Amino acid sequence: MTINLPKTMKAIRFHTYGGPEVLQLEDVPVPNVQAGEVLVRVHAAGVNPGDWQIRSGLAHRKFGIDVPLPTIPGYDVSGMVEAVGLSVTTFQRGDAVYGMTTHSAAYAQYTIADPSHLALKPVSIDHIQAAGVPMSAFTAWHALFARTRVVAGQTVLVNGAAGGVGHFAVQLAKGQGARVIGVASGRHEAFLRELGVDLFIDYTTTPVEQVAHDVDLVIDTVGGENGDRLLSVLKRGGMLIPTTWGQYSASQAASASLIVEDVVLLLPTTAQLAEIGKLIDTGSVRVEVSMVQPLAEAYKAHERSESGHARGKVVLRVME
Ligand SMILES: NC(=O)c1ccc[n+]([C@@H]2O[C@H](COP(=O)([O-])OP(=O)(O)OC[C@H]3O[C@@H](n4cnc5c(N)ncnc54)[C@H](OP(=O)(O)O)[C@@H]3O)[C@@H](O)[C@H]2O)c1
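About the cut-offs
- Residues numbered from 1 in each chain as written.
- Predicted model: local features only at pLDDT ≥ 70, side-chain atom pairs only at ≥ 80, totals over all residues.
- Heavy atoms only, no water.
- Axes fitted to C-alpha atoms, helices over the stretch in contact; angles between N-to-C directions.
- Helix = DSSP H or I, 4+ residues; strand = E, 2+ residues; numbered from the N terminus.
- Parallel < 35°, antiparallel > 145°, perpendicular 65-115°, else oblique.
- Left-handed = near helix turned anticlockwise from the far one by under 90°.
- Contact = heavy atoms within 4.5 Å.
- Nonpolar A, V, L, I, M, F, W, Y, C, P; charged D, E, K, R; others polar.
- Near = heavy atom within 4 Å.
- Polar contact = N/O pair within 3.5 Å; in protein donor to acceptor, adjacent residues only side chain to side chain.
- Areas by Shrake-Rupley, 256 points an atom, 1.4 Å probe, with all protein chains shown as cover.
- Domains from an automatic or database assignment.
- Buried area = accessible area lost by both parts, 1.4 Å probe.
- Salt bridge = Lys/Arg side-chain N within 4 Å of Asp/Glu carboxyl O.
- Buried < 20%, exposed > 50% of the residue type's maximum accessible area, 1.4 Å probe, protein only.
- Pairing = 2+ DSSP bridges.

Enquirer: Tell me what's going on with the packing of helix α4 (residues 134-146) against helix α5 (residues 164-175), and back it up with residues and numbers.
Expert: α5 packs onto α4 with a crossing angle of 45° between their chain directions and a minimal axis gap of 8 Å. Judged on the interaxial angle alone, α5 and α4 are oblique. The chirality of how α4 crosses α5 is right-handed. Along the contact surface, α4 presents Ser136, Ala137, Thr139, Ala140, Trp141, Leu144 and Phe145, while α5 presents Gly164, Val165, Phe168, Ala169, Leu172 and Ala173. Residues of the contact of α4 with α5, tallied by class, amount to ten nonpolar, three polar and no charged.

Enquirer: Let's hear about the packing of α4 against helix α10 (residues 270-281): which residues, and what values?
Expert: Orientation of α4 relative to α10, taken along the N-to-C sense of each, is 90°, at an axis distance of 10 Å. Classified by the interaxial angle, the pair formed by α4 and α10 is roughly perpendicular. Here α4 contributes Pro134, Ala137, Phe138 and Trp141 to the contact with α10, which in turn contributes Gln272, Leu273, Glu275 and Ile276. In the contact of α4 with α10, the residues fall into six nonpolar, one polar and one charged.

Enquirer: Explain the site of the ligand residue by residue, including any values.
Expert: With respect to spatial proximity, 27 residues lie near the ligand, and among them Gly164, Ser185, Tyr203, Thr243 and His309 are the closest. Gly163 is positioned such that a nitrogen or oxygen atom in its backbone is 3.3 Å from an oxygen atom of the ligand. Tyr203 is positioned with one of its side-chain polar atoms (N or O) 2.5 Å from an oxygen atom of the ligand. With the chains in place, 87% of the 920 Å² that the ligand exposes on its own is no longer accessible. Those elements that place two or more of their residues in the shell around the ligand are α1 (49-55), α4, α5 and β9 (179-184). Looking at the shell around the ligand, its residues break down into twelve nonpolar, 14 polar and one charged. Split by domain, the residues of the shell around the ligand number at least three in each of domain 1 (8-135 + 267-317) and domain 2 (148-260).

Enquirer: Now, about the domain arrangement of the protein chain: what can you tell me, with residues and values included?
Expert: Domains assigned within the protein chain are domain 1 (8-135 + 267-317) and domain 2 (148-260). With 15 residues of domain 1 in contact, the opposing surface of domain 2 contributes 14 residues. Carbon and sulfur atoms supply 56% of the area that domain 1 and domain 2 bury against each other, a total of about 1200 Å² over both sides. On the surface where domain 1 and domain 2 come into contact, there are one salt bridge. For Glu194, the salt bridge identified is with Arg286, shortest N-O distance 3.0 Å.

Enquirer: Can you explain the environment of Phe200? Please cite residues and give values.
Expert: Its place among the elements puts Phe200 in strand β10 (residues 199-202). The exposure class assigned to Phe200 is buried, which follows from its relative accessible area of 10%. Separated by eleven residues in the primary sequence, Phe200 and Val211 have C-alpha atoms spaced 9.8 Å apart. Setting aside its immediate chain neighbours within four residues, Phe200 contacts Gly182, Ala184, Ser185, Gly186, His188, Glu189, Leu192 and Arg193.

Enquirer: Explain the side chain of Ser104 residue by residue, including any values.
Expert: By the element assignment, Ser104 lies in the loop between β5 (96-100) and β6 (110-113). Among the polar contacts made by the side chain of Ser104, one reaches the main-chain carbonyl oxygen of Ile72 at a distance of 3.4 Å. Once residues within four sequence positions are removed from consideration, Ser104 is found in contact with Ile72, Pro73, Gly74 and Tyr75.

Enquirer: Residue-level account of the sheet that holds strand β8 (residues 155-159), with values.
Expert: Here six strands make up an open sheet; going across it, the order is β10-β9-β8-β11-β12-β13 and the pairing parallel. Each having just a single partner strand, β10 and β13 (259-260) make up the two edges of the open sheet. The pairing of strand β12 (residues 234-242) with β13 spans two bridges and is parallel. In the strand pairing of β13, Met239 is matched with Ile259. Along the sheet, α5 makes contact with β8, β9 and β11 (215-220), crossing β8 at roughly 170°.

Enquirer: Could you give an account of the pattern of salt bridges, with specific residues and numbers?
Expert: Using the criterion set out here, one finds eleven salt bridges in the structure. Across the pair Asp27 and Lys10 runs a salt bridge whose closest N-O atoms are separated by 2.9 Å. Taken together, the residues span a long stretch of sequence, with Asp27 in strand β2 (residues 24-29) and Lys10 in strand β1 (residues 8-13) at a distance of 17 residues. Residue class for Lys10 comes out partly exposed when judged on its relative accessible area of 36%. In this structure, Arg55 engages Glu306 in a salt bridge whose closest nitrogen and oxygen atoms are separated by 2.9 Å. Here Arg55 is found in helix α1, whereas its partner Glu306 is found in helix α11 (residues 298-307), with 251 residues between them in sequence. Each member of the salt-bridge network shares a partner with another, and the members are Glu194, Arg286 and Glu288.

This is the structure we're talking about:
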């Protein structure tokens, strides 16, 4: 079947590292789908801290992560399969899909993805919500079910509980029957209690280590230099999984036989996205989208994400 695609599309690009103002709406060629790839007509693109960490040059300076300039940012996508390359058998034109782009290029009307990082979109949510799921939910899911296996009765503390990763971690841990401690500022308390948090700690008024103790697993989505206070809430033999860079004392960890995992960067597989989608469709997990911006105003979405205080997810509406 011949598909008539436009030659150009609207996309957000940046030509130099810098502040949110370097994000420009431009006309660029529609990418050609190659063998083994899928061309997705993007309906919505999710915004993750990694997007602005790359745009600002922070990821380059701190971790040596380079992108070719100019670049179209964004990994999380939800949309419709527009075309499939040779040898793709798992999806077909017209499928509603969600997942991650292959080379960070989701802030555009069309993007290329590897089908092994896509799944059918959960039917109970729209594209805006679905675009908020892949990276954050997978990071939480991977921490709780792949790096360890949380079981009923354990206590899980989520630092940064109201954020993209945190709000999924709270729900996934709760779904396993864990007792969940959520750490966030006071304005998120009602939201987090609704998601099932058993004990809420407002980090702006109460030091975590004064209230929490005997914790089996800490998921730290905030990181930074004062990680040792989080080690002190763990029970002997407990585990801390950071999703970002943090400083944790090796000797303090060793003295209480604590396990501090490394930060990993992974893309979800179709099977993992499908499993997360099932949890969404059965109502066990919901996605909180606190801000939606049109593609042209991606800079506003980055400003919000970069503030470090967004609730749940920030999403770009690409298809009006
Ligand atoms: N390794 C990976 O594959 C991977 C994947 C996804 C994310 N990450 C990283 O993980 C980190 C979190 O990602 P995210 O998407 O969850 O970020 P996010 O959505 O931007 O997180 C924002 C949340 O962090 C909370 N927060 C800020 N300072 C806090 C503090 N001192 N104590 C407790 N909560 C605090 C905010 O709550 P308040 O408003 O209450 O301050 C806000 O709700 C980022 O650094 C990201 O780059 C890594």
